[in-house]
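One letter stands for each residue in the lines below.
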Amino acid sequence: MDYYSYTGYTATYILDVKVVDERVVAIYFSNGGSLHTGYNNEGYYYKGGYLTAQTYNGYIVALTTTVSVSIPYAQNPYIPGTYLYHTNKYVIKIE
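What you see is a predicted model, and the numbers here were worked out from it, not measured in a lab.

1. Notes on the overall build of the protein
Alright, step 1. Helices and strands together make up the secondary structure of the protein, namely zero helices and nine strands.
Alright, step 2. Listing every helix and strand of the protein by position from the N terminus yields β-β-β-β-β-β-β-β-β.
Alright, step 3. Along the first, second and third principal axes, the C-alpha atoms of the protein reach 55 × 30 × 25 Å.
Alright, step 4. The buried share among the 95 residues of the protein stands at 26%.

This is how it looks when you write it as structure tokens:
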């Protein structure tokens, strides 16, 4: 998995993911943490995860997707009751 932060930081990791109906619905980190679809206590938004097949000579050689996770960091001063978010992008390749 390639990670791209809003700060410009990038890194590559080997992680476990959960796939349901051709979509990555959870990313598991080595420290026991995870990012996932559905309800979470952290208030982040999980978007994407739909897999696309990469083929070679008619064979699927990899599946790829992009997941964006938006994390609230401050209240929006222009729209009361809303938040400003940092968005991190995870490019996932399953081989």
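2. Details of the sheet that holds strand β5 (residues 34–36)
Alright, step 1. Spatially, three strands are ordered β3-β4-β5 in an open sheet, and the strand pairing comes out antiparallel. Only two strands of the sheet have a single neighbouring strand rather than two, namely β3 (16–20) and β5. Each neighbouring strand pair of the sheet contributes to a mean axis angle of 25°, computed without reference to strand direction.
Alright, step 2. In terms of strand pairing, β3 meets strand β4 (residues 23–28) through five bridges, oriented antiparallel. Residue pairing in the sheet places Val 19 in a bridge with Val 24 of β4.

3. Quick notes on the nonpolar core
Burial of nonpolar side chains together is a common tendency in soluble globular proteins.
Alright, step 1. If you look at the biggest cluster of nonpolar residues, it comprises twelve residues: Met 1, Tyr 3, Val 24, Ile 27, Leu 35, Tyr 44, Tyr 46, Leu 51, Val 67, Val 69, Tyr 90 and Ile 92.
Alright, step 2. Breaking this core down by element, the ones donating at least two residues are β4, β8 (59–75) and β9 (83–94).
Alright, step 3. Those residues within four positions of Tyr 90 in sequence are excluded, and the remaining contacts are Met 1, Asp 2, Tyr 3, Ile 27, Phe 29, Leu 35, Thr 65, Thr 66, Val 67 and Val 69.

4. Some thoughts on unusual backbone geometry
Alright, step 1. Here the phi dihedral of Asp 21 falls at roughly 50°; this positive angle occurs in a residue that is not glycine.
Alright, step 2. Residue placement: Asp 21 occurs in the loop between β3 and β4.
Alright, step 3. For Asp 21, a relative accessible area of 74% gives the class exposed.
Alright, step 4. Phi is positive for Asn 57, close to 55°, though the residue is something other than glycine.
Alright, step 5. Relative to the elements of secondary structure, Asn 57 occurs in the loop between β7 (52–56) and β8.
Alright, step 6. Judged by relative accessible area, which is 62%, Asn 57 ranks as exposed.

5. Section: the pairing of β8
Alright, step 1. With four bridges connecting them, strand β6 (residues 45–48) and β8 associate as antiparallel partners. Directly across from Tyr 46, in β8, lies its bridge partner Val 69.
Alright, step 2. Bridge analysis of β7 against β8 gives five bridges, and the strand direction is antiparallel. The residue of β8 that forms the bridge with Tyr 56 is Tyr 59.

6. Details of the packing of aromatic side chains
Alright, step 1. Across all of its chains, the model carries three aromatic pairs by this definition.
Alright, step 2. With centroids separated by 5.2 Å and ring planes inclined at 45°, the aromatic side chains of Tyr 3 and Tyr 90 adopt a geometry described as tilted. Residue Tyr 3 is found in strand β1 (residues 2–4), and its partner Tyr 90 is found in strand β9; the two are separated by 87 residues along the sequence. Neither Tyr 3 nor Tyr 90 differs from the other in exposure class; each is buried.
Alright, step 3. Ring pairs connect the aromatic residues Tyr 3, Tyr 9 and Tyr 90, which therefore count as one cluster.

Rules behind the numbers
Residues numbered from 1 in each chain as written. Predicted model: local features only at pLDDT ≥ 70, side-chain atom pairs only at ≥ 80, totals over all residues. Heavy atoms only, no water. Helix = DSSP H or I, 4+ residues; strand = E, 2+ residues; numbered from the N terminus. Buried < 20%, exposed > 50% of the residue type's maximum accessible area, 1.4 Å probe, protein only. Pairing = 2+ DSSP bridges. Axes fitted to C-alpha atoms, helices over the stretch in contact; angles between N-to-C directions. Core = buried A, V, L, I, M, F, W, Y, C linked by side-chain atoms within 4.5 Å. Contact = heavy atoms within 4.5 Å. Phe/Tyr/Trp six-rings, centres within 6.5 Å; stacked < 30°, edge-to-face > 60°.

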